[in-house]
Amino acid sequence: GQNIDQPTEMTATEGAIVQINCTYQTSGFNGLFWYQQHAGEAPTFLSYNVLDGLEEKGRFSSFLSRSKGYSYLLLKELQMKDSASYLCAVRDREDNAGNMLTFGGGTRLMVKP
Amino acid sequence: EAGVAQSPRYKIIEKRQSVAFWCNPISGHATLYWYQQILGQGPKLLIQFQNNGVVDDSQLPKDRFSAERLKGVDSTLKIQPAKLEDSAVYLCASSLVPDRQETQYFGPGTRLLVL
């Protein structure tokens, strides 16, 4: 079966750095996605990793270790608007025909002044 | 570029009633997905279409849920009859194939409350 784990909630201070971890156990692996979801809104794409290493995009970075089944999302210079849920999702089909994503439960991040 | 459109945005029904949701994907996106997101959880894939064919519906409760994508563009998801545990947000997403990252773009969702 598929299993994706991430912390339920995190709290951080405005201007600080926070790391949200995600571990996965899936039958296959063909990429890991991070999405941001503000309360009552649709998820929006943040990052994609398919090879080991760090992908940087402005204040957000995402890291992947396939051998460890582990990823993290790093948010720097936190802003109040970063308060949201962060969803880790794994594409577990190897053949690209499916592109089906299995999502973790999401990490609700609260940024405090 | 217009995003994924969904309607209605909100729906309240009583258990055992029927309900239908509509989705219009981003123009040119061949792949369309329906997800169910229960409060406090991540989205769970219900069904995936490639054009007008079903790629995967293994997690769709077929005794009460049905979906179609006539002409390979718009899609409808139906629940008949609804149960209390169907209360959730129903998200539609689409992706462009082929695309290197095959990123899925989500619509605003339909919030369903079953009383």
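In the block above lies the structure referred to throughout.
Described below are features of the structure shown in this document. (Residues numbered from 1 in each chain as written. Chains lettered and ligands numbered in written order. Predicted model: local features only at pLDDT ≥ 70, side-chain atom pairs only at ≥ 80, totals over all residues. Heavy atoms only, no water.)

Re the overall build of chain A
Turning to step 1, where the next piece is worked out: What chain A contains, in helices and strands, is zero helices and 11 strands.
Turning to step 2, where the next piece is worked out: For chain A, the succession of helices and strands along the chain, N to C, is β-β-β-β-β-β-β-β-β-β-β.
Turning to step 3, where the next piece is worked out: Its C-alpha radius of gyration of 14 Å places chain A within 12% of the 13 Å reference for a compact globule of 113 residues.
Turning to step 4, where the next piece is worked out: Structurally, chain A occupies a C-alpha span of about 45 × 30 × 20 Å along its principal axes.
Turning to step 5, where the next piece is worked out: Total accessible area on chain A stands at roughly 5,300 Å², and carbon and sulfur atoms take up 48% of it. (Helix = DSSP H or I, 4+ residues; strand = E, 2+ residues; numbered from the N terminus. Rg over C-alpha atoms; globule rule 2.2 N^0.38 Å. Areas by Shrake-Rupley, 256 points an atom, 1.4 Å probe, with all protein chains shown as cover.)

Examining the interface of chain B and chain A
Turning to step 1, where the next piece is worked out: Taken together, the contact between chain B and chain A spans 23 residues of the former and 19 residues of the latter.
Turning to step 2, where the next piece is worked out: In total, about 1,600 Å² of surface goes out of reach between chain B and chain A, with carbon and sulfur atoms giving 49% of it.
Turning to step 3, where the next piece is worked out: On inspection of chain B and its partner chain A, the count reaches two residue pairs in polar contact (both at pLDDT 80 or more).
Turning to step 4, where the next piece is worked out: For the side of chain B that touches chain A, the secondary structure elements donating two or more residues are strand S4 (31–37), strand S5 (44–50), strand S6 (53–56) and strand S9 (88–95) of chain B.
Turning to step 5, where the next piece is worked out: Looking at the side of chain B that touches chain A residue by residue, the class counts come to eight nonpolar, 10 polar and five charged. (Contact = heavy atoms within 4.5 Å. Buried area = accessible area lost by both parts, 1.4 Å probe. Polar contact = N/O pair within 3.5 Å; in protein donor to acceptor, adjacent residues only side chain to side chain. Nonpolar A, V, L, I, M, F, W, Y, C, P; charged D, E, K, R; others polar.)

With respect to the state of the cysteines
Note: disulfide means a covalent bond formed between the sulfur atoms of two cysteine side chains.
Turning to step 1, where the next piece is worked out: This structure, assessed with the given rule, holds two disulfides over all chains.
Turning to step 2, where the next piece is worked out: Here Cys22(A) engages in a disulfide with Cys88(A); their sulfurs sit 2.0 Å apart. Disulfide Cys22(A)-Cys88(A): the torsion about the S-S bond is -70°, which places it as left-handed. With a gap of 66 residues between them, Cys22(A) in strand S3 (residues 18–25) and Cys88(A) in strand S9 (residues 84–91) connect regions that are remote in the sequence.
Turning to step 3, where the next piece is worked out: Using a relative accessible area of 0% as the deciding quantity, one classes Cys22(A) as buried.
Turning to step 4, where the next piece is worked out: With relative accessibility at 0%, the residue Cys88(A) sits in the buried group.
Turning to step 5, where the next piece is worked out: What pairs with Cys23(B) in a disulfide is Cys92(B), and their sulfur atoms sit 1.9 Å apart. Its S-S torsion of approximately -70° makes the covalent link between Cys23(B) and Cys92(B) left-handed. Within this pair, whereas Cys23(B) is found in strand S3 (residues 19–24), its partner Cys92(B) is found in strand S9, the two being separated by 69 residues in sequence.
Turning to step 6, where the next piece is worked out: In this structure Cys23(B) comes out as buried when scored by relative accessible area, which is 0%. (Disulfide = S-S within 2.5 Å. Buried < 20%, exposed > 50% of the residue type's maximum accessible area, 1.4 Å probe, protein only.)

What to know about the environment of Cys22(A)
Turning to step 1, where the next piece is worked out: In this structure the C-alpha to C-alpha distance between Cys22(A) and Cys88(A), which are 66 residues apart in sequence, comes to 6.5 Å.
Turning to step 2, where the next piece is worked out: If we ignore the near neighbours within four places in the chain, the residues touching Cys22(A) are Ile4(A), Asp5(A), Gln6(A), Trp34(A), Gly69(A), Tyr70(A), Ser71(A) and Cys88(A).

So, the environment of Tyr86(A)
Residue and element names in this part refer to chain A.
Turning to step 1, where the next piece is worked out: Here Tyr86 is to be found in strand S9.
Turning to step 2, where the next piece is worked out: Accessibility expressed as a relative area gives 0% for Tyr86, which makes it buried.
Turning to step 3, where the next piece is worked out: In this structure the C-alpha to C-alpha distance between Tyr86 and His38, which are 48 residues apart in sequence, comes to 8.7 Å.
Turning to step 4, where the next piece is worked out: Beyond its immediate chain neighbours, meaning those up to four positions away, Tyr86 contacts Gln6, Ile20, Trp34, Tyr35, Gln36, Leu46, Phe60, Leu73, Leu75, Gly106, Thr107 and Leu109.
Turning to step 5, where the next piece is worked out: Only 3.0 Å separates the side chain of Tyr86 from the side chain of Gln36, close enough to count as a polar contact.

Taken by themselves, the reported measurements are silent on function.
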